[in-house]
Amino acid sequence: MRFILTIAGKDLRLRVRDRSVFVLGLLAPFLLAVIFDLVLGAPSEATFQPRFAVADLDTGPVGDGLLGVLRSLAEGDVIELDEVGSVDEVEAAVEAGDLDAAFVIPAGFSQAVTSGGEATLRIVGNVDAPISVAIAEAVARGYAAEVEAVQLSVAVALQTLPSPTVSDVATLAAEAATMPPPIELVDVTAADRVLDTSTFFIAGMAVFFLFFTVSFGVVGLLEERQAGTLARLAAAPIPRYAAVAAKMVVSYVVGVVAMAVLVVASTLILDARWGDPVGVAVLVLAAVAAAVGVVAVVAGFARTAEQASTLQAIIAVSLGMIGGVFFPTNLGGGFLAKLALASPHRWFMNGLADLAGGGGLSVVWPSVAGLLAFAVVTTVPALYRLRTMEPR
Amino acid sequence: MVGDPIVEVTGLRKRFGDVEAVRGIDFRVEVGETYGLLGPNGAGKTTTISIVAGLLRRDAGEVKVAGMPMDIDTAAPRALIGLVPQELAVYPDLTGRENLRFFGKLYGLSGASLRRRVEEVLEVIGLRDRADDRVDEYSGGMKRRLNIGIGLLHEPKLLILDEPTVGVDPQSRNAILESVEALSASGRGVLYTTHYMEEAERLCDRVGIIDEGRLVAEGTRRELIRLVGERDRVRLQGSGNLSGAADALGRLDGVGDVVAADRSLEVVTVDAARLLPELLAVATEAGMAVTQVEVSQPDLESVFLHLTGKALRD
């Protein structure tokens, strides 16, 4: 152990003097995360709030229903909503660009719906706000579908009555309208288990550059072989594994320190929200172990330090892409999602997403287990190859 | 103690793929002896000493260092060896002192003994004034000296130097050779590889001539020269009775041919250094006034040429 620490201490001193470890391990991921956040994060996070108005000329129960839907959206800050009294006023506002879209509930709308007649709901759209107009249409269609469902319910119920009256129809319609939908979809994962943009980019860049940062230790073995100093280490009366172990220790220490600094700095400067500190710490330790293993196995099969660096860069970029660290992509549940699990980056990001959902250490174990599996599968062959590497 | 082997190598073999780099080499280095492995590039010198130093696994044969078997996993005999690789095996981003301290720790030195040895070695290699400068600021010769100094730190019983003068300027080369001579005089065994005949002749008590992975001959310089039948030549210039002197010299034991030329005689002998006083006395007695003496002895280059049919630098 003494010799491992002696060699590791020397290597750390060399890396500190070299300074490139600071550039690749700290500066590059931090700056890239800031740039990504500025370029991609700001627009997507800016408040998008369609400006709608509604002119309720009906004042009947069906019109009130739509009005209720719109008011609830406005209360949730999803839309801005003005309630106006005339169609002219609505059209003028849309024409002037003060509104993105407006709903016009015509007089007799409720009567037409409840009597089974033709009912028309008008949308006045601003041609310069196509997305908002599309949202307005979606809201209207959604409401229309709900009304249609009520109509269908009433029609089915009337079939069971021997001689239905107008009063029966009104009663059934009112009951149907108040019935909850038979199936209600509640999205608890997508909303809760998604990293905010700043955290996503700094976490993505941190784990992406981690695979470059840790290479400073292990690739050093190949550099030493080329320089001839490995022969000197191998000639010393120390255990054969000491040099390899020292390089892996250096890789691990440098990786953990770089990640820790990035987590703290991004929390303080970028307002990143990594989640439960203990969970993050365990996740980081596991991610660094996986990164060291991947880099070490590449070094074990490379002939020169240059070859190892090139291979590691290719693998790091490929795994980063597969693991979705560059863009907050929705991988869905198909082939891409399965492929992403072949990347330790994905397991790391999944773990962070689990922490973003509010969990602690208990929720990151699956991701930690995935990362440690990567570490074991890569470190074992790497140790065998590196330990038997001839020094010249 | 002189006469005990510090290294014994028997039947050493090593193959790299299709190439058999070492094909059954035997030699031994005595305590206090400087043994040279002389051969051209690619002869198998570095592979041989890499196995001796425990860096490479051998395919066959045996290596013992101070009686202990040496393998790539054995630590004890390594502590007795100081290795000076052919490459500048130093860390350029560390200072000379930091390099020495680091390697000293690997050889078990610590505390006051480490500090003392570092200072002593810095003195020996003449780098005390530059000890705290980074090695990448050193000249090539200074780096070479540091490279040797690291091998001396733990006062090894055996110093292995692998072509330590390759690529250095004549002044630094001479300084390195003087250092090695001093180390030889200090009583430790030295295993020295080179493809420079002059270095082997100057430094080594015994020389093993290696070619294509085989030790083709071994012995002292004189033994090797005798082995191939090469003779010394003594050229006596002067005046007087040259023919009488030639006859008298030809009758001496140890003298082969005597060839008379214009105002000179060329005497072929087995050992010019030993016979020279007698040659001069006999020639003078026979009536020759000797004004100039020239002795030429065959060198290891000619031995190598004779044994392998090629020059050392081929």
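Residues numbered from 1 in each chain as written. Chains lettered and ligands numbered in written order. Predicted model: local features only at pLDDT ≥ 70, side-chain atom pairs only at ≥ 80, totals over all residues.

Caption draft 1: Fine view of the overall build of chain A. Tallying secondary structure elements over chain A gives 17 helices and four strands in all. The buried share of chain A, taken over its 392 residues, is 42%. Sequence separation of at least 24 residues holds for 77% of the intrachain contacts in chain A that already meet a minimum separation of 6. (Helix = DSSP H or I, 4+ residues; strand = E, 2+ residues; numbered from the N terminus. Buried ≥ 20, exposed ≤ 12 C-beta atoms within 10 Å, placed from the backbone. Contact = placed C-beta atoms within 7 Å.)

Caption draft 2: Quick peek at the overall build of chain B. In terms of helices and strands, chain B carries 10 helices and 14 strands. Evaluated residue by residue, chain B yields a buried proportion of 45% over its 314 residues.

Caption draft 3: Structural context of the interface of chain B and chain A. At the interface, 25 residues of chain B touch 20 residues of chain A. Residue assignment for the side of chain B that touches chain A shows that the elements contributing at least two residues are strand E6 (81–84) and helix H2 (96–106) of chain B. For the side of chain B that touches chain A, the element with the highest residue contribution is H2 of chain B, accounting for four residues. Split into classes, the residues belonging to the side of chain B that touches chain A amount to 18 nonpolar, two polar and five charged. (Nonpolar A, V, L, I, M, F, W, Y, C, P; charged D, E, K, R; others polar.)

Caption draft 4: Seen up close, the pairing of E6 of chain B. Residue and element names in this part refer to chain B. Of the two faces of E6, the one carrying Ile-81 and Leu-83 and the one carrying Gly-82 and Val-84 are both buried. Here E6 runs beside strand E7 (residues 158–162); their pairing, made up of four bridges, is parallel. Looking at the pairing, Leu-83 lines up with Ile-160 of E7. (Pairing = 2+ DSSP bridges.)

Caption draft 5: The sheet that holds strand E4 (residues 60–65) of chain B, seen in detail. All names here are of chain B. Across the sheet, four strands lie side by side as E2-E1-E4-E5; this open sheet has antiparallel pairing. A strand with exactly one partner marks an edge of an open sheet, and here the two such strands are strand E2 (19–30) and strand E5 (68–69). Pairing analysis gives two bridges linking E4 to E5, with the strands arranged antiparallel. Its bridge partner lying in E5, Val-65 is registered against Met-68. Sitting on the sheet, helix H1 (residues 45–52) is in contact with strand E1 (5–16), E2 and E4, with an inclination near 120° to E1. (Axes fitted to C-alpha atoms, helices over the stretch in contact; angles between N-to-C directions.)

Caption draft 6: Examining the sheet that holds E7 of chain B more closely. Residue and element names in this part refer to chain B. The six strands lie next to each other as E6-E7-E8-E3-E9-E10, forming an open sheet whose pairing is mixed. What marks the edges here is a single partner per strand, and that holds for E6 and strand E10 (214–219). If you compare each strand with its neighbour and ignore which way they point, the axes differ by 15° on average. Most of the contacts of helix H5 (residues 170–185) go to strand E8 (residues 189–194), to which it runs at about 150°, and overall it touches strand E3 (34–38), E7 and E8.

Caption draft 7: Just the confidence of the model for chain B, in detail. Residues and elements named next belong to chain B. Residue-level pLDDT values for chain B average 86, and 97% of them are 70 or greater. Averaged over each element, pLDDT in chain B is lowest for helix H10 (residues 300–308) (76) and highest for H2 (93). In the predicted complex, the global pTM is 0.68; the interface-specific ipTM is 0.76. (pLDDT = per-residue confidence, 0-100.)

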